[in-house]
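# Summary of structural features
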Amino acid sequence: NESAFCRQYYLKEINIPEGVKSIGTFAFLNCRSLKEIVLPKSVTKLNVSTFEGCENLEKINLEHVERIERNAFENCKNLKGEIVISDCTTKIGTCAFELSGITSIVIGKGITAIESGTFRSCHNLKKVILPDGLTKIDKYAFCHCENLTEVVIPPSVKYIGDGAFWGCKLKD
């Protein structure tokens, strides 16, 4: 449901029951103490700003999620380590991981476009592996990722938007 646990500052962990298909818009917005969330296989969609502002969220399994809407993990500063977007995922929305703490990301074959600002200002991000079949990296997709040094861009990419990698330290 929309805003179901919004601003529950002391919520530390939650297990979503099997059968839930979608997590509502702003469902966990600014749940600053939330460290871990377990998503069942039935959850296929994370709506707008689902976990935005969950500053202490450390891990989440996105294995069965098909759609990650805009700002879903924005400002999740402690979401660190590698994030794997599975082949079943077909959308990662604008600014979905902006200002998160991720260090590397592997994106599955279901994604054909990286939207504007999707990984903007991920200051810990060092490595990105993009899938064959990706055709578009939109403007500012990875800008201000000042520790990003390695990106594997497949030959299928036909468009890279303005400032997509501005402020990165990419190697040749």
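You'll find the structure just up there.
Throughout what follows, the structure given in this document is the object of discussion. (Residues numbered from 1 in each chain as written. Predicted model: local features only at pLDDT ≥ 70, side-chain atom pairs only at ≥ 80, totals over all residues. Heavy atoms only, no water.)

### A look at the sheet that holds strand 4 (residues 45-46)
- Across the sheet, which stays open at both edges, the four strands sit in the order 2-4-5-7 with parallel pairing between neighbours. The sheet terminates laterally at strand 2 (22-23) and strand 7 (91-92), the two strands that pair on one side only. (Pairing = 2+ DSSP bridges. Helix = DSSP H or I, 4+ residues; strand = E, 2+ residues; numbered from the N terminus.)

### Some details on the sheet that holds strand 12 (residues 150-152)
- Read from one edge of the open sheet, four strands run 6-8-10-12, paired in parallel fashion. The sheet is open, and its two edges are formed by strand 6 (82-85) and strand 12, each paired on a single side. Sheet twist, expressed as the mean angle between neighbouring strand axes with direction ignored, is 5 degrees.
- Here strand 6 runs beside strand 8 (residues 104-107); their pairing, made up of four bridges, is parallel. Following the sheet pairing, Ile 83 is matched in strand 8 by Ile 105. (Axes fitted to C-alpha atoms, helices over the stretch in contact; angles between N-to-C directions.)

### What to know about the nonpolar core
- In terms of nonpolar packing, the biggest core is built from 48 residues, with Phe 28, Phe 51, Leu 62, Phe 73, Phe 97 and Phe 142 touching the most fellow members.
- Counting only elements with at least two residues in this core, the list comes to strand 6 and strand 8.
- Non-local contacts of Phe 73, meaning those with residues more than four positions away in its chain, are made with Leu 46, Phe 51, Leu 57, Ile 60, Leu 62, Ile 68, Leu 79, Ala 96, Phe 97, Glu 98 and Ser 100. (Core = buried A, V, L, I, M, F, W, Y, C linked by side-chain atoms within 4.5 Å. Buried < 20%, exposed > 50% of the residue type's maximum accessible area, 1.4 Å probe, protein only. Contact = heavy atoms within 4.5 Å.)

### Focus on the state of the cysteines
- Enumeration over the complete set of coordinates arrives at zero disulfides.
- Cys 88 carries a free sulfur, and the closest cysteine sulfur to it, the one in Cys 76, is 20 Å from it.
- This cysteine, Cys 95, is not joined by any disulfide, and Cys 143 carries the nearest cysteine sulfur, 9.0 Å off. (Disulfide = S-S within 2.5 Å.)

### A word on unusual backbone geometry
- The residue Asn 30 is not glycine, and still its phi comes out positive at about 60 degrees.
- Mapped onto the elements, Asn 30 comes out in the loop between strand 2 and strand 3 (36-38).
- Positive phi outside glycine occurs at Asn 75, with the angle close to 65 degrees.
- Tracing the backbone shows Asn 75 in the loop between strand 5 (67-68) and strand 6.

### Examining the packing of aromatic side chains
- Using the criterion set out here, one finds seven aromatic pairs in the structure.
- When the ring of Phe 28 is compared with that of Phe 51, the centres are 5.3 Å apart and the planes differ by 10 degrees; the resulting orientation is stacked. On the criterion of sequence distance, the pair formed by Phe 28 in the loop between strand 2 and strand 3 and Phe 51 in the loop between strand 4 and strand 5 is long-range, its members being 23 residues apart.
- Pairing Phe 119 with Phe 142 gives two aromatic rings, centres 5.2 Å apart and planes at 5 degrees, and the pair type is stacked. Linking Phe 119 in the loop between strand 9 (113-114) and strand 10 (127-129) with Phe 142 in the loop between strand 11 (136-137) and strand 12, this pair joins segments that are 23 residues apart in sequence. The same class applies to Phe 119 and to Phe 142, which are both buried.
- What links up through ring pairs into an aromatic cluster is the set Phe 5, Phe 28, Phe 51, Phe 73, Phe 97, Phe 119, Phe 142 and Phe 165. (Phe/Tyr/Trp six-rings, centres within 6.5 Å; stacked < 30°, edge-to-face > 60°.)

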